[in-house]
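Reading the structure
Okay, here's what each chain looks like letter by letter:
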Amino acid sequence: MRTILMLSILTLALCTSCKRMLDEEIRSQVSDEYLSTPEGLEDGVKAAYSTLRTFHANELGMTMTVFGTDTYTMGSDGSYKFINEYTSQFDPRTTYVRDLWNNLYVGINTCNAVIDRAPDVADMPEEQRNIRRSEAQFLRAYYYFTLVQQYGSVHLTTSETKEATTTASRAPLTDIYQLIEDDLRAAIQNLPAEQTDYGRATKPAAEHLLARVLLTRASSEAAKDSDYRDAAVLAEQVITGYNFHLLEDFAAVFEQGAGERNEEVIWAVQYTKNAITNGADADADGTGNSAHRYFLMEYDVLPGMNRNIQDGQPWKRFMPTNYTLDVLFADRVNDTRYKKSFKDVFYCSKPGTYNVNGKQVTYALGDTAIWLPGYQLDPVVKASKNFMVIEPQSYTKKLYPTLTKFLDPQRPDINYEFGSRDFLAFRLAETCLIAAEAFMYSGDMDKAVTYMNMVRARAAYNGTDEAEDATHRQAMLITAADLNIDFILEERGRELLGEQLRWYDLIRTHQLVTRVQAYNPDGGKNIKDYHVLRPIPQDQIDRTEGGSSSFPQNPGYN
């Protein structure tokens, strides 16, 4: 199966919010007529996929979705701590706020161009033309859904923009959600269950996304009475109607290389080891999959260690909260996901003799150098270890458990930034959790529990025999009495930690403020009710005719 090649072509017209307006950078010379040819339409669709790389698995995207939640707070490094802290510095001129907005509208305009022109492209089979148009509709829906979750009501445009314009307005939320739904229902109608090029949108990917959209809309002011029921039906269709299944081993889902394309992955954002097509031009396509560097502790200055490819680049951006470590992953007897989500042992990469635990220790390459047991040891036991032991009470902004989902030991050298992992945007475990929540709110607790238990049973430890297996598995299963939105949020936290969904989950369930106040010590002091939306970029307001009267700022950011 081939991989879709993403590329950047000249955006044929500038969206109303583009930061570069009339001096937009030309990335390649493509005529206006080219997009109306079969070859041009194909390249236009590929260009529409490129926008995915501007916020998936890079620092911007992670900061705007992982940071400032109940599961992650700030490590010692980074320039955007104020987003986690919710201080007044987080304002309409924040670069990430502006860039996310601009990039998404560039993607939307590319999608609009494809959608507008596809019906008139000659010398292209109708079925293929419809599939490519539906891919653009899927992507447009995804980009608008991202905008709505971040900013609320935004400018709605469904036609290709060919010249700079200063006219814009904030559309009603109901209209934006209706476009998203219409696009995805059209995509479901026309997309195949599988595509020859891996990474292209498919029918089950569109069903999964629409289920997520309806689940989100159901708790918004744009809600329809059928949203939960329809979300449940769509999610169940993805679970039962195709060949997807949960892998037996949670850790196997994140195995790099061939393992990334497994039966649990519904749709992934593509990255590659080819620097030319991997977004090595950071201004065009992002920075490859650079998530490998953001969740790491500072291991490389500790005894027996130096920076190495296997253990990664410790940029120390995101640190798990005590809530994550002590509550979400409290059960480490029956649930494998703490062990399989965090790195607890570092092996010597710098042989030599060091002072450790008050004694001299000589390490050979590959000896245990650091252990994070995840609990407090008896002092005598700790003193007996010939390696550094970091217990929970010793965690700092530099020393904490490292999330392993995104580590990339296949990079060519220790300083190489552009990781090659695919970003697993939709996977079946999340579909099951969507189904559980949607069925719960629809009143079908039996199905809700069934789909929740599918995820939990997969996470159970295997024992030394069948009886022990059964004990662990039984301990993981829940009943209807256990299931509520708090339990669902905890399960989503365990299963989907770091996967760019947490901020959206807390917004959707109206729990961002209370949970950040309760569990994020850095953000809880400052967060206010208005922080459930990001500020509209000041550039957008300033360049709109009529300014704030035509394009008002979100409350709290004036």
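Just above sits the structure.
These lines cover the structure that appears in this document, whether it is placed above or below. (Residues numbered from 1 in each chain as written. Predicted model: local features only at pLDDT ≥ 70, side-chain atom pairs only at ≥ 80, totals over all residues. Heavy atoms only, no water.)

Next up on the list: the overall build of the protein chain. Counting its regular elements, the protein chain contains 19 helices and 13 strands. Overall, the protein chain is about 75 × 50 × 50 Å in size when its C-alpha atoms are taken along their principal axes. The buried share of the protein chain, taken over its 558 residues, is 61%. Considering only residue pairs separated by 6 or more positions, the protein chain has 71% of its internal contacts joining residues 24 or more positions apart. Total accessible area computed for the protein chain in this model is approximately 21300 Å², and 48% of it derives from carbon and sulfur atoms. Distance between charge centroids for the protein chain: 4 Å, based on 57 positive and 77 negative side chains. (Helix = DSSP H or I, 4+ residues; strand = E, 2+ residues; numbered from the N terminus. Buried < 20%, exposed > 50% of the residue type's maximum accessible area, 1.4 Å probe, protein only. Contact = heavy atoms within 4.5 Å. Areas by Shrake-Rupley, 256 points an atom, 1.4 Å probe, with all protein chains shown as cover. Lys, Arg positive; Asp, Glu negative; His and termini not counted. Charge placed at Lys NZ, Arg CZ, Asp CG, Glu CD.)

Turning our attention to the packing of helix H8 (residues 227–240) against helix H14 (residues 445–458). Running from N to C, H8 and H14 point in directions that differ by 45 degrees, and their axes come no closer than 13 Å. If you check the angle between H8 and H14, you find them oblique. Of the two possible hands of crossing, H8 and H14 adopt the one that is left-handed. In this structure, H8 uses Glu236, Ile239 and Thr240 to contact H14, whose residues at the interface are Lys447, Tyr451 and Met454. Its residues assigned to classes, the contact of H8 with H14 shows 3 nonpolar, 1 polar and 2 charged. (Axes fitted to C-alpha atoms, helices over the stretch in contact; angles between N-to-C directions. Parallel < 35°, antiparallel > 145°, perpendicular 65-115°, else oblique. Left-handed = near helix turned anticlockwise from the far one by under 90°. Nonpolar A, V, L, I, M, F, W, Y, C, P; charged D, E, K, R; others polar.)

It is worth spelling out the sheet that holds strand S11 (residues 388–389) at this point. Either a parallel or an antiparallel arrangement is found when strands of a sheet pair, and the pairing is made through backbone hydrogen bonds. Here we have 3 strands laid out as an open sheet, ordered S7-S10-S11, and mixed in their pairing. With partners counted over all chains shown, the strands left at the sheet margins are strand S7 (345–347) and S11, one partner each. Here S7 pairs with strand S10 (residues 368–371) via 3 bridges, running antiparallel. Across the sheet, the residue bridging to Tyr347 is Thr368, located in S10. (Pairing = 2+ DSSP bridges.)

What follows is about the packing of helix H5 (residues 126–151) against helix H6 (residues 173–190). One way to put it is that H5 packs onto H6 with a least axis distance of 8 Å and a crossing angle of 150 degrees. Classed by the angle they form, the pair H5 and H6 counts as roughly antiparallel. Between H5 and H6 the crossing geometry is left-handed. For the pair formed by H5 and H6, the contact residues are Asn130, Ile131, Ser134, Gln137, Phe138, Arg140, Ala141, Tyr144, Phe145 and Val148 on the first element and Leu173, Ile176, Tyr177, Leu179, Ile180, Asp183, Leu184, Ala186, Ala187 and Asn190 on the second. Residue composition of the contact of H5 with H6, grouped by class: 14 nonpolar, 4 polar and 2 charged.

As a further point, take the packing of aromatic side chains. Overall, the coordinates contain 37 aromatic pairs when judged by the stated rule. A centroid spacing of 3.8 Å and a plane angle of 10 degrees characterise the contact between Tyr80 and Tyr96, whose relative ring orientation is stacked. Taken together, the residues Tyr80 in the loop between strand S2 (72–74) and helix H3 (81–85) and Tyr96 in helix H4 (residues 95–117) connect sequence positions 16 residues apart. Since its relative accessible area comes to 11%, Tyr96 is described here as buried. (Phe/Tyr/Trp six-rings, centres within 6.5 Å; stacked < 30°, edge-to-face > 60°.)

Positioned with a positive phi, Asp123 is a non-glycine residue whose angle comes to about 60 degrees. Here Asp123 is to be found in the loop between H4 and H5. You can call Asp123 exposed: its relative accessible area is 77%. Of note in this structure, His510 is not a glycine but carries a positive phi near 60 degrees. For His510, the location among the structural elements is in the loop between helix H17 (502–508) and helix H18 (512–519).

A separate point is the nonpolar core. By size, the foremost hydrophobic cluster in this structure holds 147 residues, and its most contacted members are Phe138, Trp267, Met297 and Ile370. The dominant element in this core, judged by the number of residues it contributes, is H5, at 12 residues. Discounting chain neighbours no more than four positions away, the residues touching Ile370 are Met297, Tyr299, Leu302, Met305, Asp344, Val345, Phe346, Phe387, Met388 and Ile390. Tyr86, Leu512, Val513 and Ile527 belong to the second largest nonpolar core, which has 10 residues in total. (Core = buried A, V, L, I, M, F, W, Y, C linked by side-chain atoms within 4.5 Å.)

As judged from the 5 bridges shared by strand S8 (residues 352–356) and strand S9 (residues 359–363), these two strands associate in the antiparallel manner. Pairing of Asn355 across the sheet is with Gln360, part of S9. Between the antiparallel neighbours S8 and S9 lie 2 residues, among them Asn357 with a positive phi of about 55 degrees.

Summarising the element assignment, Asp43 is placed in helix H1 (residues 38–50). Of the side chains with opposite charge, Lys46 comes closest to the buried, unpaired Asp43, at an N-O distance of 4.3 Å. A polar contact is formed between the side chain of Asp43 and the side chain of Tyr34, at a distance of 2.6 Å. (Salt bridge = Lys/Arg side-chain N within 4 Å of Asp/Glu carboxyl O. Polar contact = N/O pair within 3.5 Å; in protein donor to acceptor, adjacent residues only side chain to side chain.)

Okay, helix H13 (residues 428–442) next. With 15 residues, H13 extends 20 Å from end C-alpha to end C-alpha; this agrees with the ideal 21 Å at 1.5 Å per step. A large share of H13 lies buried, amounting to 13 of its 15 residues. Just downstream of H13, Gly443 is the residue with a positive phi angle, here 95 degrees. (Expected span 1.5 Å × (residues − 1).)

Moving on to the pattern of salt bridges. Opposite charge on two side chains lets them pair, provided their charged atoms get close. Under the defined criterion, the tally for this structure stands at 43 salt bridges. Note that Glu495 and Arg337 form a salt bridge whose closest N and O atoms lie 2.9 Å from each other. Of the two residues, Glu495 is situated in helix H16 (residues 485–495) and Arg337 in helix H11 (residues 337–341); the sequence distance between them amounts to 158 residues. In this structure, Glu495 and Arg337 share a single accessibility class: buried. Between Arg492 and Asp505 there is a salt bridge; the shortest N-O distance is 2.8 Å.

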